[in-house]
Amino acid sequence: MRLFIKCIYTFYILASTSCVSSQLKNSNKNTQVIEYVVQNYPIHGEEFSKPIMTFKDKVWYKDSMAIESVSSLNIASGSKNNSTQSMEVLYYRFSNLRNGSVYEYKNFSDTAKLLREYSYNDTVQVIGGWNFKYLRKWNYNEPPETLQDTLINKIKYKRIGFSWQTQEPRIAYVAICYFRCDKIGTIFNLDPFLSKTVGCPLVKMHSFPTSMKTGLHFTQEIIFLANSFTPKERTVFNKWEKYALSHPVDK
């Protein structure tokens, strides 16, 4: 007998702040393709040895417009205490960040079926993907501590560390933050407010509980894939953008 479980990663599982992001009011005229990766690790054992869950979603961004894949992690548990995992894209979300209009499509295609449309001002719950609706701001217990810079795969990162705590249940955490100064100006940032104090966008975080008896051990990372679209990506993006501009959602 096999047990199937579907999981959709949502940002507010890790950070409790929830309001319309100031990013919706900004217009940043550039093209970016990124992958947003969240990995969960076992509390016991070697640090970051092997993730037990990996969530991935891709985002295409251009001139205050964005497409996000919204995926679920399917876990099939077998009879011998072993399990297999696979990512499944449930739908793609196109957002006009200038006016908050959102359109969900079944497939990544210029002929894809439109599933629904709504506004960020509506009460519709937005889950998965990058999620432009939610404010990314960590509430730390004490002022962050500056750590030594590090070099990973020939990329230089500035680092800081801070402690924070979940609300229910109350679990104490330590976070190590990585900032990339070669990505100044990107709209993708794990904490724009904290990044202002460093002067560079926060692109990676390692969080682990201070007690090894409870809590979720995880990482978040923004992986920058490209500064341009492929011909197919450009075709899909232009088609969905044209529809969004001609069919704004009533607020």
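What you see is a predicted model, and the numbers here were worked out from it, not measured in a lab.

**Quick notes on the side chain of Ser95**
Assignment of secondary structure puts Ser95 in strand 5 (residues 83-96). Since its relative accessible area comes to 0%, Ser95 is described here as buried. Not counting chain neighbours up to four residues away, the residues in contact with Ser95 comprise Ser64, Met65, Ala66, Glu68, Ser101, Val102 and Tyr120.

**Topic: the confidence of the model for the chain**
Averaged over every residue, the pLDDT of the chain is 83; residues scoring 70 or more account for 81%. At the low end of the mean pLDDT range in the chain sits strand 1 (residues 3-7), at 50; at the high end sits helix 2 (residues 231-246), at 97. For the stretch residues 1-5, pLDDT sits under 50, and the model shows 15 contacts to residues farther than four places along the chain or on other chains. Contacts for the low-pLDDT stretch residues 11-22, under 50 throughout, to residues beyond four places or in other chains number 29 contacts.

**Comments concerning the state of the cysteines**
Taken as a whole, this structure holds one disulfide when the rule is applied. Here Cys181 pairs with Cys200 through a disulfide, and the sulfurs are 1.9 Å apart. One quick way to see it: the torsion about the S-S bond of Cys181 and Cys200 is about 85°, and its sign makes the bridge right-handed. Within this pair, whereas Cys181 is found in the loop between strand 10 (172-179) and helix 1 (192-198), its partner Cys200 is found in the loop between helix 1 and strand 11 (202-209), the two being separated by 19 residues in sequence. In this structure Cys200 comes out as buried when scored by relative accessible area, which is 4%.

**Quick word on the environment of Ile184**
Mapped onto the fold, Ile184 is located in the loop between strand 10 and helix 1. Ile184 sits in the exposed class, given a relative accessible area of 58%. Expressed as a C-alpha distance, the spacing of Ile184 and Gly199, which sit 15 residues apart in the sequence, is 8.0 Å.

**Digging into the packing of aromatic side chains**
The description of an aromatic ring pair uses the distance of the two centres, along with the angle that the planes make with each other. Within this structure, the stated rule accounts for 18 aromatic pairs. Between Trp138 and Trp164, the ring centres sit 4.8 Å apart and the planes meet at 70°, which makes this aromatic pair edge-to-face. Pair noted here: Trp138 is in the loop between strand 7 (114-119) and strand 8 (145-152) and Trp164 is in strand 9 (residues 155-165), with a separation of 26 residues, a long-range link. Since its relative accessible area comes to 4%, Trp138 is described here as buried. Exposure remark for Trp164: the relative accessible area of 4% places this residue in the buried category. Between Tyr173 and Phe218, the ring centres sit 6.1 Å apart and the planes meet at 55°, which makes this aromatic pair tilted. Here Tyr173, found in strand 10, pairs with Phe218, found in strand 12 (residues 217-226); they are 45 residues apart in sequence, far enough to count as distant. Comparing Tyr173 with Phe218, the two get one shared label, buried. Aromatic rings pair up to connect Tyr36, Tyr61, Trp130, Phe132 and Phe188 into one cluster. The lysine or arginine in question, Arg136, covers the ring of Trp130, its NZ or CZ lying 3.8 Å from the ring centre. Stacked on the ring of Phe193, the Lys or Arg Lys137 has its end atom at 4.9 Å from the ring centre.

Rules of the game
The numbering scheme is per chain: residues are counted from 1 as the chain's sequence reads. pLDDT decides what is reported in this predicted model: residues at 70 or higher carry local features, side-chain atom pairs at 80 or more are listed and counted, and totals for whole chains, interfaces and linings draw on all residues regardless. Excluding hydrogens and water, the side-chain figures rest on all heavy atoms present in the structure. Under the DSSP-based scheme used, a helix requires at least four consecutive residues in state H or I and a strand at least two consecutive residues in state E, with every element numbered from the N terminus. Only protein chains enter the calculation, and the probe is 1.4 Å; a residue is then buried if its accessible area is under 20% of its type maximum, exposed if over 50%, and partly exposed in between. Any pair of residues with heavy atoms lying within 4.5 Å of one another is described as a contacting pair. The predictor attaches a confidence to each residue, called pLDDT, with possible values from 0 through 100. The disulfide definition used here is simple: a pair of cysteine sulfur atoms within 2.5 Å. Aromatic pairs are defined between Phe, Tyr and Trp rings, using the six-membered ring for Trp, whenever the two ring centres lie within 6.5 Å; interplanar angles under 30 degrees are classed as stacked, those over 60 as edge-to-face, and all others as tilted. Cation placement over rings: the criterion is NZ of Lys or CZ of Arg within 6 Å of the ring centroid and within 35° of the ring normal.

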